[in-house]
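# Chains, contacts and geometry: an overview
Each chain, written out:
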Amino acid sequence: MIDRRAFLGAGMAGAAALTFTSVWSQNAAPNFGAPNLPATGFKRMKLGAMEVIALNDGALRRPLGEEFVRNAPLEQVKALLASQNLPTDYVDIPFTPFLVVAPAGKFLIDTGFADNGPPTTGRLTANLAAAGFKPEDIDHVIISHFHGDHINGLRKKDGSLSFPKAKVHVPAPEHAFWFDDAKMNAAPPAAKGAFENARRVIGGLPAEQLVKFEPGAELAPGIRSEAAFGHTPGMSVVRVSSEGQQFVYVADVTNVPSLFARSPDWAVTFDMDAEMARQTRRRIFDMLVKDKTLAGGFHFPFPAIGSLESAGSGYQFKPVA
């Protein structure tokens, strides 16, 4: 078992920032305008006998302050953005779950906000419909980790389940952390909301609907989880394989890649164990570059599917056309 005491430090406050609409709203940047949302909010990709579909849930525009990158001066952060012809006063953070249409069923990976988030989020259901699916069509939901932007879409504001027929697969070490009363009681006050939110969303699921898996487990033929600890104590990524083709959903191994792929040793405010997250990022991105594996990221710019290439001391995300 990994020592999770480090997760109760500064990173816990970042975890709490992903919990409630009010916190996201405080981070909104009305003076900078609204984030750009894709005109078509889904992108299909064939993967052997399967199909992978990126489904945008929206985006948020956040002022770029000293707190966003925890271990680099703001001037350095702005310089990296400027070198890519990107704005330096704010960052747009997109939210993109993925649907895998496989012979074993329809697997939604992460969920976005549903109707629990700010006005520029909650687009998943509409984009799912545009791609030809209803919430009732989802057979399985795979959760990478328990931050609010990944789990809140499981339930609407009224408490009803967004995907009523789906089994919900969660990483066992992630579930153990957020449902540990001692860890919740030891957490800073600002972080307790993240524990409460995980229990609100996940805790009421019927026993027959909740499936806990150990990272590394095969969730269905061609769909396997892999450990990616650091951003949270039990985060897992998902590898999809079919007919010799592969795709890896990297969840929050990196936040916006223009910063944290290009400078993979930087720590976003939401990383709960920055050093472990850094090692995980390097390990997974080195593998993606070496194997030339297609990747998708929850916070990657839409269509959020593409490849990672070496760039200086880091990596560059190249989206598919």
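What counts as what
Residues numbered from 1 in each chain as written. Predicted model: local features only at pLDDT ≥ 70, side-chain atom pairs only at ≥ 80, totals over all residues. Heavy atoms only, no water. Pairing = 2+ DSSP bridges. Helix = DSSP H or I, 4+ residues; strand = E, 2+ residues; numbered from the N terminus. Axes fitted to C-alpha atoms, helices over the stretch in contact; angles between N-to-C directions. 1 Å grid on protein atoms, 1.4 Å probe; cavity = no way out; pocket = protein on both sides within 12 Å on 5 of 7 lines; lining within 4 Å. Points joined across faces, edges and corners; volume = space filled by probe spheres on them. Nonpolar A, V, L, I, M, F, W, Y, C, P; charged D, E, K, R; others polar. pLDDT = per-residue confidence, 0-100. Contact = heavy atoms within 4.5 Å.

### So, the sheet that holds strand β9 (residues 210–213)
The 7 strands lie next to each other as β1-β2-β5-β6-β7-β8-β9, forming an open sheet whose pairing is mixed. Each end of this open sheet is capped by a strand with a single partner; those strands are β1 (42–47) and β9. Here the average twist between neighbouring strands, direction ignored, is 20 degrees. The pairing of strand β7 (residues 140–142) with strand β8 (residues 167–171) spans 3 bridges and is parallel. Each bridged residue has a counterpart across the sheet, and for I142 the counterpart in β8 is H169.

### A closer look at the layout of surface pockets
Here the largest pocket defines a volume of roughly 610 Å³. Lining the largest pocket we find 23 residues, and of these L86, D92, P94, S258 and P301 sit closest to its centre. Broken down by secondary-structure element, the contributors of at least two residues to the lining of the largest pocket are β3 (58–63), β4 (90–95), α9 (257–260) and β16 (314–319). Partitioning the lining of the largest pocket into residue classes produces 14 nonpolar, 6 polar and 3 charged.

### Some details on the pairing of strand β15 (residues 305–311)
In this structure, strand β14 (residues 294–296) lies alongside β15, joined through 2 bridges in antiparallel fashion. Bridging from a neighbouring strand, A295 pairs with G306 of β15. Of the pairings in the sheet, the one linking β15 to β16 comprises 6 bridges and is antiparallel in character. Bridge pairing links G306 to P319 in β16. Following β15, the chain reverses through 2 residues before pairing antiparallel with β16; G312 in that reversal takes a positive phi of roughly 60 degrees.

### Describing empty space enclosed by the protein
The gaps of empty space that remain are located by a probe, the size of a water molecule, rolled over the atoms. In total, this model carries 1 cavity of 30 Å³ or more according to the counting rule given. The computed volume of the largest cavity comes to approximately 40 Å³. Lining of the largest cavity is provided by V141, L154, L161, F163, A166, V168, L205 and Q209. Of the residues belonging to the lining of the largest cavity, the class tally is 7 nonpolar, 1 polar and no charged.

### Some thoughts on the confidence of the model for the protein chain
For the protein chain, mean pLDDT is 92; residues scoring 70 or higher make up 91% of the total. By mean pLDDT, helix α2 (residues 21–26) is the weakest element of the protein chain at 42, and strand β6 (residues 105–109) is the strongest at 99. Within the model, pLDDT remains below 50 along residues 1–10, and this stretch shows 23 contacts once partners closer than five positions in the same chain are excluded. Here residues 19–26 scores under 50 on pLDDT; set against residues more than four positions off or in separate chains, the count is 18 contacts.

### Thoughts on the sheet that holds β14
In space, the 7 strands of this open sheet follow the order β10-β11-β12-β13-β14-β15-β16, with mixed pairing throughout. Every other strand in the sheet has two partners, leaving β10 (218–220) and β16 as the edge strands with one partner each. Strand-to-strand twist of the sheet, defined as the mean angle between neighbouring strand axes without regard to direction, takes the value 35 degrees.

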